[in-house]
Amino acid sequence: FQLYGYCYQDSNDIPDTLTTITELGSPLEMIQLLQTSWEDRFRICLSLVRLLHYLAHSPLGSVTLLDFRPRQFVIVDGELKVTDLDDASIEESSCTSNSDCFMEFPARNFTLPCSVEGRCQSMNEKRNLYNAYRFFFTYLLPHSAPSSLRPLLDKIVNATGNRNKHGSVKYFLFYPSVNSEFTQKSVKSANTKYRRVPEAFIPDENYRCWPSYHHKGCLLSVFDINEAIEICDSYSQCKAFVLTNQTTWTGRQLVFFKMASNHIMPDPDKITYVKVTD
C-alpha cells in the first residue's frame, strides 16, 4: 500500500499515536468481482501473489497476516492491496516437536515440521498462502476462465491449497505462463466472411453480454481479429464488431460487438467489420 505521509503524536490525550496518509482504494466486494472479466480477476490474483511473495521475503523476515480476509484489502487501479496491518506478525511459532506445529482451518488441517532451532518451518508463509487460496484463488481464478488455461489454473489452485507438498511461493512462477498463453491465444479463422470498413464506428445497435467491460453493451478483449470473429460467430445476435484503439492491461484489444450495422459513423480511431450475409 502506497504511503504518502505520516504523523507521530504523543500528548496527554492521545499518547503514542501514529497517523498515516495512504492512497485511496475501493472496498473489495467478492460478488462484484465475480461479475467482472476473468482478465481483471486474474490481475487481482497476480497482485496478491506479488504481495505473498513480499510478505515471505520482507526486510523484517516472514510476515503473516493473522486476519487474512477480503475486508482487509482494497483495490487500487485494478490491483489488490492490503490496508489493515494491525494483525501482522513476524513471530514464527516455537515448538519442541512436529505436533506443536499444527495449523487448523475450517476445511483442512496441516502439521508442519519443527526445525532444529525450535521454530515451525514456514508457518507464516503457509498460513498466508492457504488463506489466499480459500478466500481468493478458489473463487477468482477458475470462474469463467478460458478453457485453454484451465489445466494450468487447476495446478495453481491445487498448489496453493495443498500446503504439505508445496512449501513456498514457487507457484508464483506459474503466472507468467498463464499471462503469456492468455495474451497469445491463437484461434482458427471462421468460415464466416466479414466486410472491413476502415475508420468507422457503429454508435448504437448494442446488446449485452457477460462478462463485458461496458455495462450497456458487449465490450470484450481479444488477441487478434480471428478471436473477434470467433466471438461474433458465437453470438446469434452479433452482426458486426468494432475494433477500438484501446487495450487492457495485458495488451489485448477491446472490441465492441453489435447486433446490426444500419448506421455507421466515421471515426479515425476505429475499424468496423460487418458480417456478410448471403
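Residues numbered from 1 in each chain as written. Predicted model: local features only at pLDDT ≥ 70, side-chain atom pairs only at ≥ 80, totals over all residues. Heavy atoms only, no water.

S.K.: Residue-level account of the side chain of arginine 252, with values.
M.R.: Looking at where arginine 252 falls in the secondary structure, it is placed in the loop between β12 (240–247) and β13 (253–258). Of the residues examined, arginine 252 reaches a relative accessible area of 4% and is grouped as buried. In this structure the side chain of arginine 252 is engaged in a polar contact, spanning 2.8 Å, whose partner is the backbone oxygen of serine 221. Among the polar contacts made by the side chain of arginine 252, one reaches the side chain of glutamate 227 at a distance of 3.0 Å. (Helix = DSSP H or I, 4+ residues; strand = E, 2+ residues; numbered from the N terminus. Buried < 20%, exposed > 50% of the residue type's maximum accessible area, 1.4 Å probe, protein only. Polar contact = N/O pair within 3.5 Å; in protein donor to acceptor, adjacent residues only side chain to side chain.)

S.K.: Got a sec to walk through the packing of helix α2 (residues 38–56) against helix α3 (residues 123–140)? Specific residues and values, please.
M.R.: Between two packed helices, both the angle of their axes relative to each other and the distance between the axes serve to describe the pair. Orientation of α2 relative to α3, taken along the N-to-C sense of each, is 180 degrees, at an axis distance of 11 Å. Judged by the inter-axis angle, α2 sits roughly antiparallel to α3. Listed contacts from α3 to Trp38, Arg41, Ile44, Cys45, Leu48, Val49, Leu52, Leu55 and Ala56 of α2 are Glu125, Asn128, Leu129, Ala132, Phe136, Phe137 and Leu140. Here the contact of α2 with α3 is built from residues that sort into 13 nonpolar, one polar and two charged. (Axes fitted to C-alpha atoms, helices over the stretch in contact; angles between N-to-C directions. Parallel < 35°, antiparallel > 145°, perpendicular 65-115°, else oblique. Contact = heavy atoms within 4.5 Å. Nonpolar A, V, L, I, M, F, W, Y, C, P; charged D, E, K, R; others polar.)

S.K.: With reference to specific residues and values, describe α2.
M.R.: Look at α2: 27 Å from first C-alpha to last across 19 residues, which is about the 27 Å you get at 1.5 Å a residue. Among the 19 residues in α2, 14 count as buried, and that is most of the element. (Expected span 1.5 Å × (residues − 1).)

S.K.: Before we move on, can you summarise the packing of aromatic side chains with the specific residues and values?
M.R.: In this description, a pair of aromatic rings is defined by centroid distance and the angle of the planes. Counting across every chain of the model gives 14 aromatic pairs. Measuring from ring centre to ring centre gives 6.3 Å for phenylalanine 68 and phenylalanine 136, while their planes differ by 75 degrees; the resulting arrangement is edge-to-face. Of this pair, phenylalanine 68 sits in the loop between β4 (64–65) and β5 (73–76) while phenylalanine 136 sits in helix α3, placing them 68 residues apart in sequence. As far as the burial class goes, phenylalanine 68 and phenylalanine 136 line up, both buried. Ring geometry for phenylalanine 73 against phenylalanine 136: centres 5.4 Å apart, planes inclined by 80 degrees, an arrangement best described as edge-to-face. One end of the pair, phenylalanine 73, is in strand β5; the other, phenylalanine 136, is in helix α3, and 63 residues separate them in sequence. Classification of phenylalanine 73 by relative accessible area gives buried; the value is 2%. Among the aromatic residues, those joined into a ring-pair cluster are Phe105, Phe110, Tyr130 and Tyr133. (Phe/Tyr/Trp six-rings, centres within 6.5 Å; stacked < 30°, edge-to-face > 60°.)

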